[in-house]
Amino acid sequence: MELNDLLEYAIKKVMEDIRENLEQALAEANKIIENKYSDILSDYDKKIRDLISKRKEQIEGEKAKLDVENKRAILNEENYWLQKVYDEVVKNINVVTSSKEYAEGLQSIIKKEISSSTTKAKIICNKSDEELVKKILKDNKLSAEVEEDNSLLGGIKIYYPDVGLVRDYSLNLILSQVFESVKPKVAEILFGGENGR
């Protein structure tokens, strides 16, 4: 082997080693780049998923808030119309208070309460019922003080000052109790569906 051949062989060997080392370095560099790329991709994928999750939570929170506001608005509207019905009943209460049955009912209550009472009593009524109450007392030879309270729609309250007891037979109480019990039916009539919803 000549020097040229030996030199050529050595150069070839060195070139092969260099090529091999370059290929290995390139493979390792590619592997490092792929790992870094994969890490960055994974990191950004996680960040994007977190952002999406937070946005979904915000949207769900806003949706729930809007649902509550919507239900509140509907309930307020329903209550407004139910109150209108109640007010209309109150406005027409004179249909009840001018009836014969109403006068008989007052007489029955007064006779039962005042005649069975051993303590002094005060009957509280509105102005339009005052004469009727006094007539009932007089006709039945019963004794009680009569006091006017125009906040009463009708009916009476009987107050026993000696014992601090009040018996409430006012139309205010009766009407509110009856209206509360029929409110779901009224709501169903006004708004349709079960209980008006």
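Structure first, text after, so check above.
Residues numbered from 1 in each chain as written. Predicted model: local features only at pLDDT ≥ 70, side-chain atom pairs only at ≥ 80, totals over all residues. Heavy atoms only, no water.

### Regarding the overall build of the protein chain
Turning to step 1, where the next piece is worked out: Of the regular secondary structure elements, the protein chain holds five helices and four strands.
Turning to step 2, where the next piece is worked out: Counting helices and strands in the order they occur from the N terminus, the protein chain gives α-α-α-β-α-β-β-β-α.
Turning to step 3, where the next piece is worked out: For 197 residues, the compact-globule estimate of 2.2 N^0.38 gives 16 Å, and the C-alpha radius of gyration of the protein chain, at 46 Å, exceeds that figure by more than 25%.
Turning to step 4, where the next piece is worked out: Principal-axis analysis of the C-alpha atoms gives the protein chain an extent of 155 × 40 × 25 Å.
Turning to step 5, where the next piece is worked out: The buried share of the protein chain, taken over its 197 residues, is 18%.
Turning to step 6, where the next piece is worked out: Within the protein chain, contacts between residues separated by at least 24 positions form 60% of all contacts whose residues are at least 6 apart in sequence.
Turning to step 7, where the next piece is worked out: Of the accessible surface of the protein chain, which amounts to about 15100 Å², a share of 55% is contributed by carbon and sulfur atoms.
Turning to step 8, where the next piece is worked out: Once the 32 positive and 38 negative side-chain charges of the protein chain are each reduced to a mean point, those two points are 10 Å apart. (Helix = DSSP H or I, 4+ residues; strand = E, 2+ residues; numbered from the N terminus. Rg over C-alpha atoms; globule rule 2.2 N^0.38 Å. Buried < 20%, exposed > 50% of the residue type's maximum accessible area, 1.4 Å probe, protein only. Contact = heavy atoms within 4.5 Å. Areas by Shrake-Rupley, 256 points an atom, 1.4 Å probe, with all protein chains shown as cover. Lys, Arg positive; Asp, Glu negative; His and termini not counted. Charge placed at Lys NZ, Arg CZ, Asp CG, Glu CD.)

### Remarks on the packing of aromatic side chains
Turning to step 1, where the next piece is worked out: Going through the model one piece at a time under the given rule, you end up with two aromatic pairs.
Turning to step 2, where the next piece is worked out: Arranged with centres 5.0 Å apart and planes meeting at 85 degrees, the rings of Tyr-80 and Trp-81 form a pair that is edge-to-face.
Turning to step 3, where the next piece is worked out: Residue classification places Tyr-80 among the partly exposed residues on the basis of a relative accessible area of 42%.
Turning to step 4, where the next piece is worked out: Look at Trp-81 and you get partly exposed, because its relative accessible area is 39%.
Turning to step 5, where the next piece is worked out: Seen in terms of ring centroids, Tyr-86 and Phe-179 are 5.2 Å apart; in terms of plane orientation they differ by 65 degrees. Their pairing is edge-to-face. Within this pair, whereas Tyr-86 is found in helix 1 (residues 3-91), its partner Phe-179 is found in helix 5 (residues 171-191), the two being separated by 93 residues in sequence. (Phe/Tyr/Trp six-rings, centres within 6.5 Å; stacked < 30°, edge-to-face > 60°.)

### Some remarks on the pairing of strand 2 (residues 145-148)
Turning to step 1, where the next piece is worked out: Two strands pair when backbone bridges link them, and strand 1 (residues 122-125) and strand 2 are joined in this way by four bridges, in the parallel orientation. If you follow Ile-124 over to strand 2, its bridge partner there is Glu-147.
Turning to step 2, where the next piece is worked out: The β-α-β motif built from strand 1, the intervening helix 4 (residues 127-139) and the parallel element strand 2 has right-handed crossover chirality. (Pairing = 2+ DSSP bridges. Right-handed = clockwise from strand over helix to strand, strands pointing away.)

### Regarding a nonpolar patch on the surface
Turning to step 1, where the next piece is worked out: There is a patch of nonpolar side chains on the surface, built from Leu-7, Ile-11, Val-14, Met-15, Ile-18 and Leu-22 and spanning about 560 Å² of accessible area.
Turning to step 2, where the next piece is worked out: Examined against the element boundaries, Met-15 turns out to sit in helix 1. (Patch = residues over 30% accessible without salt bridge, like charges linked within 9 Å, V, L, I, M, F, W, Y side chains within 5 Å. Salt bridge = Lys/Arg side-chain N within 4 Å of Asp/Glu carboxyl O.)

### With respect to the sheet that holds strand 4 (residues 165-170)
Turning to step 1, where the next piece is worked out: Judged by pairing direction, the sheet is mixed, and its four strands sit side by side in the order 2-1-3-4 without closing on themselves. The open sheet is flanked by strand 2 and strand 4, the only strands paired with a single partner. In this sheet, neighbouring strand axes are inclined to one another by 20 degrees on average, regardless of whether the strands run parallel or antiparallel.
Turning to step 2, where the next piece is worked out: Taken strand by strand, helix 3 (residues 100-116) contacts strand 1, strand 3 (155-160) and strand 4, and its axis lies near 10 degrees from that of strand 3.
Turning to step 3, where the next piece is worked out: Relative to strand 4, helix 5 is tilted by about 65 degrees, and along the sheet it contacts strand 3 and strand 4. (Axes fitted to C-alpha atoms, helices over the stretch in contact; angles between N-to-C directions.)

### A word on the pattern of salt bridges
Turning to step 1, where the next piece is worked out: Throughout the structure, instances matching the rule amount to ten salt bridges.
Turning to step 2, where the next piece is worked out: Here Lys-91 makes a salt bridge to Glu-88, at a shortest N to O gap of 3.5 Å. Taken as a pair, Lys-91 and Glu-88 lie in helix 1 at a separation of three residues, close to a single helical turn.
Turning to step 3, where the next piece is worked out: Glu-113 is paired through a salt bridge with Arg-167; the nearest N and O atoms lie 3.2 Å apart. Taken as a pair, Glu-113 in helix 3 and Arg-167 in strand 4 lie far apart in primary sequence, 54 residues in all.
Turning to step 4, where the next piece is worked out: What makes Glu-113 buried here is its relative accessible area of 7%.

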